Amino acid sequence: MSNDASGATNARPTGADAGNLGYLALGLTLLAYGLLSTGILKGTGAGDAAHLAHVVGGITLFVAGLWQLRGGEGFTGTAFTSLGAFWATWSVAGGASKNAAGLFLLLWALLALTLTAASWGAGLYSRAVYGLLTLSLLVAAIGAFGGHGSLTKLAGWVAALSGLIAWYGATARLGNGKWGRIALPLK
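Cut-offs applied
- Counting from 1, residues in each chain are numbered in the order their sequence is written.
- Totals for whole chains, interfaces and linings use every residue, but because this is a predicted model, local features are given only for residues with pLDDT of at least 70 and side-chain atom pairs only at 80 or more, for both listing and counting.
- In computing side-chain values, all of the structure's heavy atoms are included and hydrogens and water are not.
- Going along the chain from the N terminus, every DSSP run of H or I of four or more residues is numbered as a helix, and every run of E of two or more is numbered as a strand.
- With a 1.4 Å probe rolled over the protein chains alone, any residue whose accessible area is under 20% of its type maximum counts as buried; one over 50% counts as exposed, and the rest are partly exposed.
- Two residues form a contact once any of their heavy atoms are found within 4.5 Å.
- Shrake-Rupley sampling with a 1.4 Å probe provides the accessible areas, and residues are treated as covered by the protein chains on show and by no other component.
- To estimate how far a helix should reach, multiply one less than its number of residues by 1.5 Å.
- To qualify as a nonpolar core, a set must consist of buried Ala, Val, Leu, Ile, Met, Phe, Trp, Tyr and Cys residues joined through side-chain atoms within 4.5 Å.
- Within a predicted model, pLDDT stands for the predictor's per-residue confidence, ranging from 0 to 100.

## A closer look at the overall build of the protein chain
(1) Moving on: The helix and strand tally for the protein chain stands at six helices and zero strands.
(2) Moving on: Mapped in sequence order, the helices and strands of the protein chain form the string α-α-α-α-α-α.
(3) Moving on: A buried classification covers 40% of the 187 residues belonging to the protein chain.
(4) Moving on: In the protein chain, once contacts between residues fewer than 6 apart in sequence are set aside, the share between residues at least 24 apart is 68%.
(5) Moving on: Per element, the accessible surface of the protein chain, about 9,800 Å² overall, is 67% carbon and sulfur.

Dropping the structure here:
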C-alpha cells in the first residue's frame with residue numbers, strides 16, 4: 001500500500017505566495033511599535049501597540065509563515081512564524097522585570113541576526129529589514145537592561161525604519177506591474 005493512498009500528498013494546491021501579507025504585517029507592526037516607543041505621540045508607549053502586535057504581528061505573521069512553509073518557502077516561512085511567535089509573546093508578557101525584558105529582547109535579537117545572515121543573498125531589501133530589526137532589538141535589550149529610556153526611543157526609531165522598509169517592499173511588489181510600469185522601485 002502506498003503512502004499516498006489516503007490522498008494526503010498534494011491534497012490541495014499551495015496557492016499564492018503569502019510573502020507580501022507577511023511583510024505587510026511585519027511592517028505595520030514594527031511601524032506601530034517603533035513610533036509608539038519613540039514617545040512622539042504624547043501619553044503613549046510601546047505597550048500601547050500590544051493589541052496590534054498580538055493580532056497583526058502575532059497571528060497574521062504566524063499564519064503567513066505557515067502558508068509560506070506549506071508553499072516550500074523555508075526562509076520567509078521561518079521568519080514569519082518565529083516573528084509571529086515573538087509578537088504574540090511580547091503582547092501578553094506585560095510587567096516583566098527589566099532583566100527579563102532585556103533577556104527576551106536579546107534572545108530575539110539573536111533570531112533576527114540569524115535571519116539577517118540568511119537573507120544576505122536575497123538582496124538589499126531583505127538585509128535592510130532584518131538588519132535593522134536586529135539592531136532595534138539589540139538596542140532595546142541594552143536599554144531594558146540599563147533602564148535607559150533614550151535607548152528605548154532610539155530602538156523605536158530603528159524599528160519604525162525597518163517597518164517602513166518592510167511595508168514599502170510589500171507595497172512595491174503588490175503594486176508594480178499593476179499600473180503597466182514599475183511605480184515603486186525595489187532591488
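## Focus: helix 1 (residues 19-38)
(1) Moving on: Taking 1.5 Å of rise per residue, the 20 residues of helix 1 would be expected to cover 28 Å, and the 28 Å separating its terminal C-alpha atoms lies within 8% of that figure.
(2) Moving on: For helix 1, the tally of buried residues reaches 16 of 20 residues, placing the bulk of the element in the interior.
(3) Moving on: Note on helix 1: the residue one or two positions beyond its end, Gly39, has a positive phi of about 80°.

## Observations regarding the nonpolar core
(1) Moving on: Within the largest apolar cluster, 36 residues are counted, with the highest numbers of intra-cluster contacts made by Tyr23, Leu26, Trp87, Leu105, Tyr130 and Leu137.
(2) Moving on: Of all the secondary structure elements, the ones that give two or more residues to this core are helix 1, helix 2 (50-70), helix 3 (74-93), helix 4 (98-118), helix 5 (124-146) and helix 6 (149-175).
(3) Moving on: Ranked by residue count, the leading element in this core is helix 5, at nine residues.
(4) Moving on: If we ignore the near neighbours within four places in the chain, the residues touching Tyr130 are Tyr23, Leu26, Phe75, Ala79, Phe80, Leu83, Ala112, Leu115, Thr116 and Ser119.

## Some remarks on the side chain of Thr38
(1) Moving on: Position of Thr38 among the secondary structure elements: in helix 1.
(2) Moving on: You can call Thr38 buried: its relative accessible area is 5%.
(3) Moving on: Once residues within four sequence positions are removed from consideration, Thr38 is found in contact with Lys153, Gly156 and Trp157.

## Considerations on the confidence of the model for the protein chain
(1) Moving on: On average, the protein chain scores 84 in pLDDT, and the residues at 70 or more come to 84%.
(2) Moving on: When the elements of the protein chain are averaged for pLDDT, helix 2 gives the smallest value, 87, and helix 5 the largest, 94.
(3) Moving on: Counting contacts from residues 1-14, a segment whose pLDDT is below 50, to residues more than four positions away or on other chains yields five contacts.

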